[in-house]
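In case you want the letters, here they are:
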Amino acid sequence: MHCIRYVTHDILWLGADDRRLALFEGVYPVPKGVSYNSYLALDEKTVLFDTVDHAVSERFFENLAHGLNGRALDYVVVQHMEPDHSATLARVLEKYPDAAVVCNAKTAAMIRQFFGADITPRALLVKEGDALPTGRHEFTFVMAPMVHWPEVMVTYDKTDKILFSADAFGTFGALNGALFADEVDFFRDYLDEARRYYCNIVGKYGAPVQTLLKKASALEPAMICPLHGFVWRRDLGDFIAKYDLWSRYEPEERGVMIAYASVYGNTENAASALACRLRDRGVQTAMFDVSVTHASEIVAAAFRFSHLVFAAPTYNGSIFVTMDALLHDLAAHALQNRTVALIENGTWAPTSGKQMRDLLGTLKNITFVEPKLTLRSALAQGQEPEIEALAEAIRETV
């Protein structure tokens, strides 16, 4: 049985939810599932915007056949070649041999790489600003390289002012029958998953996202159709504002994220003591045990808050393994513009603090709160003033 939603009277959503997937891209937990979105324009010419992951292919082809209702498929627009959006492309081209492939030159090369197929005879190669009239609609193509692959482009429907945004403005989470963001309480129930999606999937590429936001602003879209998550038809500015902050690496909130690793609870105790004293001073805090919380949650929180505290013991002469992995992950996502405080622990040779600082010091515009707090096995009698001083130093900058 088909499952189709109308975006407008002649543009259909043909996507599907995957609620059984444990790890998106083999890395990120998706306990609420994920959607794969594909769209079909039914104009004088028919246009399919992207395909879907193998996991939902049968539902997709059932939806596509129902949506076409016996009509030919004239065009397939390939905006992004990541396999969760292109895995079924070869099968679409086989099933609809007369459909032209609308893509850019980089995409055509990737199609050869993924499928061993030369699409040159049926390719309509486009570049920045090229247009595809299909009857009532006129679709314009806007290049968006490194948001978040080099071949990415987005498509703007001049007629209905719809931006088909590829992986931009995506969100983790199944749609569960809803399609539009205003059909749910998005900022209450889905913003955390939207932030986690952006920061971990796209977050390294803030400058290209800023370029796309400027291009999109000039287009003045009235609707945004991403490849994951909800379609936006109301209050677009509220979500775009989040993307603007995230891609400029500016915090959403003035507050402190505390991430700690602790072997026997002593480092955790110091982190908790600091959190209590920050709360006494009216400072918002969020705490994460890096050994039990997935790194994607902590990366998202680091993008959210203005101040970060990392607390870790020295382990095998280095940073404790889970903290070491987290900090390398943060560095890989190019986080910047944050104030950082450090807590180190070591029974005979506490060196984790210096190593954490060296690693984080490679990022742009990182300000360190001095001095770091050093534990010798555990908080000692007489270290209360050090905890108070660190809390006050953080509060002054928050």
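Reference entry: report on the structure contained in this document.

Thresholds, definitions, all that
- Residues numbered from 1 in each chain as written.
- Predicted model: local features only at pLDDT ≥ 70, side-chain atom pairs only at ≥ 80, totals over all residues.
- Heavy atoms only, no water.
- Helix = DSSP H or I, 4+ residues; strand = E, 2+ residues; numbered from the N terminus.
- Contact = heavy atoms within 4.5 Å.
- Polar contact = N/O pair within 3.5 Å; in protein donor to acceptor, adjacent residues only side chain to side chain.
- Pairing = 2+ DSSP bridges.
- Axes fitted to C-alpha atoms, helices over the stretch in contact; angles between N-to-C directions.
- Expected span 1.5 Å × (residues − 1).
- Buried < 20%, exposed > 50% of the residue type's maximum accessible area, 1.4 Å probe, protein only.
- Arc of directions from axis to C-beta.
- Core = buried A, V, L, I, M, F, W, Y, C linked by side-chain atoms within 4.5 Å.
- Right-handed = clockwise from strand over helix to strand, strands pointing away.
- Parallel < 35°, antiparallel > 145°, perpendicular 65-115°, else oblique.
- Left-handed = near helix turned anticlockwise from the far one by under 90°.
- Nonpolar A, V, L, I, M, F, W, Y, C, P; charged D, E, K, R; others polar.

Structural notes on the environment of Tyr 28
- Examined against the element boundaries, Tyr 28 turns out to sit in strand 5 (residues 28-29).
- Spatially, the C-alpha atom of Tyr 28 lies 9.2 Å from that of Arg 196, the residues being 168 residues apart in sequence.
- In this view, Tyr 28 contacts Ala 22, Leu 23, Phe 172, Arg 196, Asn 200, Ile 201, His 294, Ser 296 and His 333; residues no more than four positions away in its chain are not counted.
- Engagement of the side chain of Tyr 28 in a polar contact is seen with the backbone oxygen of Asn 200, the distance being 3.3 Å.

Quick word on the sheet that holds strand 2 (residues 11-13)
- Taking strand neighbours across the sheet as the criterion, the seven strands line up as 1-2-7-8-9-10-11 in an open arrangement whose pairing is mixed. The strands lining the two open edges of the sheet, one partner per strand, are strand 1 (5-8) and strand 11 (123-125). Ignoring strand direction, the axes of neighbouring strands in this sheet form an average angle of 25°.
- Of the strand pairs in this sheet, strand 10 (residues 100-103) and strand 11 are connected by three bridges, and their pairing is parallel. Across the sheet, the residue bridging to Val 102 is Leu 124, located in strand 11.
- Contacting strand 2, strand 7 (39-42) and strand 8 (46-49), helix 1 (residues 57-68) crosses the sheet at an angle of about 10° to strand 7.
- Those strands touched by helix 4 (residues 105-115) are strand 10 and strand 11, and its axis lies near 120° from that of strand 10.

Things to note about helix 8 (residues 236-247)
- With twelve residues, helix 8 should reach 16 Å at 1.5 Å per residue; the first-to-last C-alpha distance of 16 Å fits that figure.
- Those residues of helix 8 not exposed but buried are Leu 236, Phe 239, Lys 242, Tyr 243, Trp 246 and Ser 247. With its buried residues spanning 130° around the axis, helix 8 presents them on a single face.
- For helix 8, the elements touching its buried residues are helix 5 (186-189), helix 6 (191-202), helix 7 (206-219), strand 16 (223-225) and helix 10 (295-304).
- Just beyond helix 8, the residue with positive phi is Tyr 249, at close to 60°.

Observations regarding helix 1
- The terminal C-alpha atoms of helix 1 lie 16 Å apart, and with twelve residues this matches the ideal 16 Å at 1.5 Å per residue to within 8%.
- Residues of helix 1 that are buried include every one of Ser 57, Phe 60, Phe 61, Asn 63, Leu 64, Gly 67 and Leu 68, and no others. Taken down its axis, helix 1 places every buried residue within 160° of arc, on the same side.

A look at the nonpolar core
- Judged by nonpolar contacts, the single largest core of 122 residues is most densely connected at Met 257, Phe 310 and Met 323.
- Sequence-distant contacts of Met 257, defined by excluding residues within four places in its chain, comprise Ala 286, Phe 288, Ile 298, Ala 301, Ala 302, Phe 305, His 307, Leu 308, Val 309 and Phe 310.

Section: the pairing of strand 17 (residues 253-260)
- Counting buried positions along strand 17 yields six of eight residues, so the element is predominantly enclosed.
- Pairing of strand 17 with strand 19 (residues 305-315), which is carried by six bridges, proceeds in the parallel orientation. Paired with Ile 258 across the strands is Val 309, a residue of strand 19.
- With five bridges connecting them, strand 17 and strand 18 (residues 285-289) associate as parallel partners. Counted as the bridge partner of Ala 259 is Phe 288 from strand 18.
- For the handedness criterion, the β-α-β arrangement of strand 17, helix 9 (residues 266-280) and strand 18 is classed as right-handed.

Some remarks on the side chain of Ser 352
- Considering the arrangement of structural elements, one finds Ser 352 in helix 12 (residues 352-360).
- On the accessibility criterion, Ser 352 (0% relative accessible area) is buried.
- Separated by 2.9 Å, the side chain of Ser 352 and the backbone oxygen of Ala 312 make a polar contact.
- In contact with Ser 352, not counting residues within four places along its chain, are Ala 312, Pro 313, Thr 314, Ser 318, Ile 319, Glu 344 and Asn 345.

Some thoughts on the packing of helix 6 against helix 8
- As a packed pair, helix 6 and helix 8 sit with axes 11 Å apart at the nearest point and diverge in direction by 40°. Classified by the angle between their axes, helix 6 and helix 8 sit oblique to one another. Both helix 6 and helix 8 take part in a crossing whose hand is right-handed. Here Leu 191, Ala 194, Arg 195, Tyr 197 and Tyr 198 of helix 6 come into contact with helix 8, specifically with Phe 239, Lys 242, Tyr 243, Trp 246 and Ser 247.
- Among the residues making up the contact of helix 6 with helix 8, the classes are represented as seven nonpolar, one polar and two charged.

Things to note about the sheet that holds strand 15 (residues 162-164)
- Spatially, five strands are ordered 12-13-14-15-16 in an open sheet, and the strand pairing comes out mixed. With partners counted over all chains shown, the strands left at the sheet margins are strand 12 (131-133) and strand 16, one partner each. Going across the sheet, the axis of each strand differs from the next one's by a mean of 20°, ignoring polarity.
- Relative to strand 16, strand 15 runs parallel, the two sharing three bridges. For Phe 164, the partnering residue across the bridge sits in strand 16 and is Cys 225.
- Here helix 7 sits on the sheet in contact with strand 13 (138-143), strand 14 (153-157) and strand 15, set at roughly 155° to strand 13.

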